Amino acid sequence: MALNPQYEDIGKGFVQQYYAIFDDPANRANVVNFYSATDSFMTFEGHQIQGAPKILEKVQSLSFQKISRVITTVDSQPTFDGGVLINVLGRLQCDDDPPHAYSQVFVLKANAGSFFVAHDIFRLNIHDTA
């Protein structure tokens, strides 16, 4: 499979769509539709999860309701199997907590004319200065 020449547009479009769903408490559970039942991995703050059902459990366990997000950059690269690697750098604020920088990496895999999230790594950028 060849490199996808539209990787930049795919990356930016995916990020916009993903966060629009994730950041809406009424629709947050629908992010599970981006993942495969068995072939998706998420690492959330160092905790690894496999498969859409377990990813949904994690998403539903998050205690915040309101989230505001500012995306600083979205960098994308094509993968050799037709997918897209996406790196997001931004700042988010949940409920009344202070804002924090974060990074999130996605790997989209091509699947029958569409994509699914094969890999998702999320980490708040908090430095332990102790």
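Residues numbered from 1 in each chain as written. Predicted model: local features only at pLDDT ≥ 70, side-chain atom pairs only at ≥ 80, totals over all residues. Heavy atoms only, no water.

- As recorded in an unreviewed UniProt entry, the chain goes by NTF2-related export protein and comes from Drosophila busckii.

1. Description of the sheet that holds strand S4 (residues 84–94)
1) Next: Strand order across the open sheet formed by 6 strands is S2-S1-S6-S5-S4-S3, with mixed pairing between neighbours. A single partner strand is all that each edge strand has here, and the edge strands are strand S2 (47–50) and strand S3 (67–78). Mean inter-strand twist for the sheet, computed between neighbouring axes without regard to direction, equals 20°.
2) Next: Each of strand S1 (41–44), S3, S4, strand S5 (100–111) and strand S6 (114–124) is contacted by helix H1 (residues 7–22), which is oriented at about 155° to S3, the strand it contacts most. (Pairing = 2+ DSSP bridges. Helix = DSSP H or I, 4+ residues; strand = E, 2+ residues; numbered from the N terminus. Axes fitted to C-alpha atoms, helices over the stretch in contact; angles between N-to-C directions. Contact = heavy atoms within 4.5 Å.)

2. Re the side chain of Gln104
1) Next: By the secondary structure assignment, Gln104 is in strand S5.
2) Next: Only 2.7 Å separates the side chain of Gln104 from the side chain of Tyr19, close enough to count as a polar contact.
3) Next: Excluding anything up to four places from it in sequence, Gln104 contacts Tyr18, Tyr19, Ile86, Asn87, Val88, Asp120, Ile121 and Phe122. (Polar contact = N/O pair within 3.5 Å; in protein donor to acceptor, adjacent residues only side chain to side chain.)

3. Some remarks on the UniProt feature "domain: NTF2" (unreviewed entry) in the chain
1) Next: The positions that UniProt labels "domain: NTF2" (unreviewed entry) are, in the present scheme, residues 10–124.
2) Next: For the annotated span residues 10–124, helix accounts for 20% and strand for 47% of the residues, and the straight-line distance between the end C-alpha atoms is 24 Å. (UniProt positions renumbered as here; feature names shortened; annotations may be inferred.)

4. Let's talk about the pairing of S3
1) Next: Here S3 runs beside S4; their pairing, made up of 11 bridges, is antiparallel. Directly across from Val74, in S4, lies its bridge partner Val88.
2) Next: Hairpin connection from S3 to S4: 5 residues lie between these consecutive antiparallel strands, with Gly82 at a positive phi of about 90°.

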